[in-house]
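# Working through the structure, step by step
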Amino acid sequence: MKIALLGYGKMGKVIEKIALERGHEIVLKKGSNDSFEGLEHADVAIDFSVPSSAVLNISTCFEKGVPVISGTTGWLEDYDTIIALCNEKNGSFIYGSNFSLGVNVFFELNEYLAKMMHNLKQYNVSMEEIHHTQKLDAPSGTAISLANGIIKHTDYKNWSLEKKDSNDILIDAKRIENIPGTHSVFYDSEVDQIEIKHTAHTREGFALGAVVATEWLLGKKGVYTMKDVLGI
């Protein structure tokens, strides 16, 4: 399979390594100042760029008929527009706030726990996410996905970085050097605490999941998620 890398930072380089190990060919390595030359030769594109570049990268893939996987966060105000364009162009698309296979299991665990805790009103929910200092958005897309999973099954209405009222899930976003990504969900009462936590040890887990999703998307049309890829 021929892959275009849209975004060639630390994640792009790890994705390249894993893709090559799995027998794929890289036909484009696009940094922020590079052209899209070579994209037309790709079977699938993987976008791990920056929020300001993601919409153009994804749109260009649809215009050229190239399926695209996007793991860039911080651009979701344009998500509905991107989905409409994908459908208009009969394209193929997977967006994931986190492509780690373990994190996607963690998403399901988070929702299952939220369902169990729904009627236990003595517990208050909060979250913590820790990432490396180069991460541009806060809270992380993964933290937002976790919060939305809780909101879906409880009486909480919003998430916030500064808790404004009892309907908010407080997310404590920390930036610490050399932390690939740690996410914790806490249920606190006066007598105890329940915590679930996912800790990434390296970026390779994110990269492997992205390549697996790329392999899965080849030959398909439409909008999918990692739940489709993993069959969960």
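Below, the structure is looked at part by part. (Residues numbered from 1 in each chain as written. Predicted model: local features only at pLDDT ≥ 70, side-chain atom pairs only at ≥ 80, totals over all residues. Heavy atoms only, no water.)

## A word on the sheet that holds strand E2 (residues 25-30)
With parallel pairing, the six strands of this open sheet are ordered in space as E2-E1-E3-E4-E5-E11. Both edges of this open sheet fall to E2 and strand E11 (222-224), since each of them pairs with a single strand only. Recorded for the sheet is a direction-independent mean angle of 15° between the axes of neighbouring strands. Bridging between strand E1 (residues 2-6) and strand E3 (residues 44-47) involves four bridges; their strand directions are parallel. When the sheet's bridge partners are listed, leucine 5 is paired in E3 with isoleucine 46. Sheet strands touched by helix H3 (residues 79-88): strand E5 (92-95) and E11. Its angle to E5, the strand with the most contacts, is close to 155°. (Pairing = 2+ DSSP bridges. Helix = DSSP H or I, 4+ residues; strand = E, 2+ residues; numbered from the N terminus. Axes fitted to C-alpha atoms, helices over the stretch in contact; angles between N-to-C directions. Contact = heavy atoms within 4.5 Å.)

## Some remarks on the nonpolar core
Formed by 23 residues in total, the largest nonpolar core has its most connected members in Ile15, Ile46, Phe48, Ile69, Ile94, Phe99 and Ala213. The element that contributes the greatest number of residues to this core is helix H6 (residues 204-217), accounting for six residues. If you look at the next biggest cluster of nonpolar residues, it comprises 20 residues, including Leu39, Ala54, Val68 and Cys86. (Core = buried A, V, L, I, M, F, W, Y, C linked by side-chain atoms within 4.5 Å. Buried < 20%, exposed > 50% of the residue type's maximum accessible area, 1.4 Å probe, protein only.)

## Description of a nonpolar patch on the surface
Residues Leu101, Leu230 and Ile232 make up a contiguous nonpolar surface patch of about 210 Å² in total accessible area. By the element assignment, leucine 101 lies in helix H4 (residues 101-117). On the basis of relative accessible area, leucine 101 is assigned to the partly exposed category, the value being 31%. (Patch = residues over 30% accessible without salt bridge, like charges linked within 9 Å, V, L, I, M, F, W, Y side chains within 5 Å. Areas by Shrake-Rupley, 256 points an atom, 1.4 Å probe, with all protein chains shown as cover. Salt bridge = Lys/Arg side-chain N within 4 Å of Asp/Glu carboxyl O.)

## Considering the sheet that holds strand E9 (residues 181-188)
Strand order in the open sheet formed by five strands is E7-E8-E6-E9-E10, with mixed pairing between adjacent strands. In this open sheet, the two edge strands, each paired with only one partner strand, are strand E7 (158-160) and strand E10 (193-200). Each adjacent strand pair in this sheet contributes to an overall mean axis angle of 20°, direction not counted. Where strand E6 (residues 124-131) lies against strand E8 (residues 168-175), six bridges are found, and the strand directions are parallel. For serine 126, the partnering residue across the bridge sits in E8 and is leucine 170.

## As for H6
In an α-helix, one turn spans 3.6 residues, which is why side chains three or four residues apart end up on the same side. In a regular helix each residue adds 1.5 Å, so 14 residues correspond to 20 Å; H6 covers 20 Å between its end C-alpha atoms and thus fits that length. In the segment just after H6, glycine 219 is the residue with positive phi, at about 90°. (Expected span 1.5 Å × (residues − 1).)

## Overview of the pairing of E5
Burial of E5 is two-sided: the residues Ser92 and Ile94 facing one way and the residues Phe93 and Tyr95 facing the other way are all buried. The sheet contact formed by strand E4 (residues 68-70) and E5 spans three bridges and is parallel. The partner of serine 70 across the bridge, within E5, is tyrosine 95. Pairing of E5 with E11, which is carried by three bridges, proceeds in the parallel orientation. Bridge pairing in E11 links isoleucine 94 to tyrosine 224.

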